[in-house]
Amino acid sequence: MNSVIESRVRVDARGALVFQDARLTPGEEVEIIVRPVVRPPAPSSFLATASRVRIDAPSNFSERFDETQKLSQ
């Protein structure tokens, strides 16, 4: 075998894992390296993100939006 085979397997309740690949030749010596898979944190929802946004505006901004836009021109 001349190439690297990369695969993810799940460890069972006994601490064992099974790896099979048709590219492996019976009797061939190979090296196996085991390392845990680091999963990225789950993305937060839109609502959770929006609730953390702070807007620096007067409390009546939505009621006076048109007036505010006319003053800025």
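The structure reproduced in this document is the subject of the present report. Since the structure is predicted, the reported quantities are computational estimates derived from the model, not experimental observations.

Counting its secondary structure elements, the protein chain contains two helices and zero strands. Since a compact globule built from 73 residues should have a radius of gyration of about 11 Å, the 29 Å found for the protein chain marks it as more spread out than a globular shape. Considered along the principal axes of its C-alpha atoms, the protein chain spans approximately 80 × 30 × 15 Å. Buried positions account for 1% of the 73 residues belonging to the protein chain. For the protein chain, the distance from the average site of its 10 positive side-chain charges to the average site of its 10 negative ones is 5 Å.

Now for the environment of Ile 32. Here Ile 32 lies in the segment before helix H1 (46-51). Sequence-wise, Ile 32 and Ile 5 are 27 residues apart; in three dimensions their C-alpha atoms are separated by 9.9 Å.

Below, the discussion takes up the pattern of salt bridges. Close approach of charged atoms allows side chains with opposite charge to pair. Going through the model one piece at a time under the given rule, you end up with two salt bridges. Between Arg 14 and Asp 12 there is a salt bridge, with the nearest N and O atoms lying 3.2 Å from each other. Assessed through its relative accessible area of 32%, Asp 12 is described here as partly exposed. Across the pair Arg 23 and Asp 21 runs a salt bridge, and its minimum N-O distance is 2.8 Å.

Here we come to a nonpolar patch on the surface. Together, Val 9, Val 11, Leu 17, Phe 19, Val 30, Ile 32 and Val 34 line one region of the surface with nonpolar side chains, adding up to about 630 Å² of accessible area. We classify Ile 32 as exposed; its relative accessible area is 65%.

Within the secondary structure, Leu 17 sits in the segment before H1. Overall, Leu 17 belongs to the partly exposed group, its relative accessible area being 38%. Residues Leu 17 and Val 34 lie 17 residues apart in sequence; the distance between their C-alpha atoms is 10 Å. The residues touching Leu 17, leaving out its near neighbours within four places in the chain, are Val 9, Arg 10 and Val 11.

Each value, and the rule that gives it
- Residues numbered from 1 in each chain as written.
- Predicted model: local features only at pLDDT ≥ 70, side-chain atom pairs only at ≥ 80, totals over all residues.
- Heavy atoms only, no water.
- Helix = DSSP H or I, 4+ residues; strand = E, 2+ residues; numbered from the N terminus.
- Rg over C-alpha atoms; globule rule 2.2 N^0.38 Å.
- Buried < 20%, exposed > 50% of the residue type's maximum accessible area, 1.4 Å probe, protein only.
- Lys, Arg positive; Asp, Glu negative; His and termini not counted.
- Charge placed at Lys NZ, Arg CZ, Asp CG, Glu CD.
- Salt bridge = Lys/Arg side-chain N within 4 Å of Asp/Glu carboxyl O.
- Patch = residues over 30% accessible without salt bridge, like charges linked within 9 Å, V, L, I, M, F, W, Y side chains within 5 Å.
- Areas by Shrake-Rupley, 256 points an atom, 1.4 Å probe, with all protein chains shown as cover.
- Contact = heavy atoms within 4.5 Å.

That is the geometry; function is a separate question.
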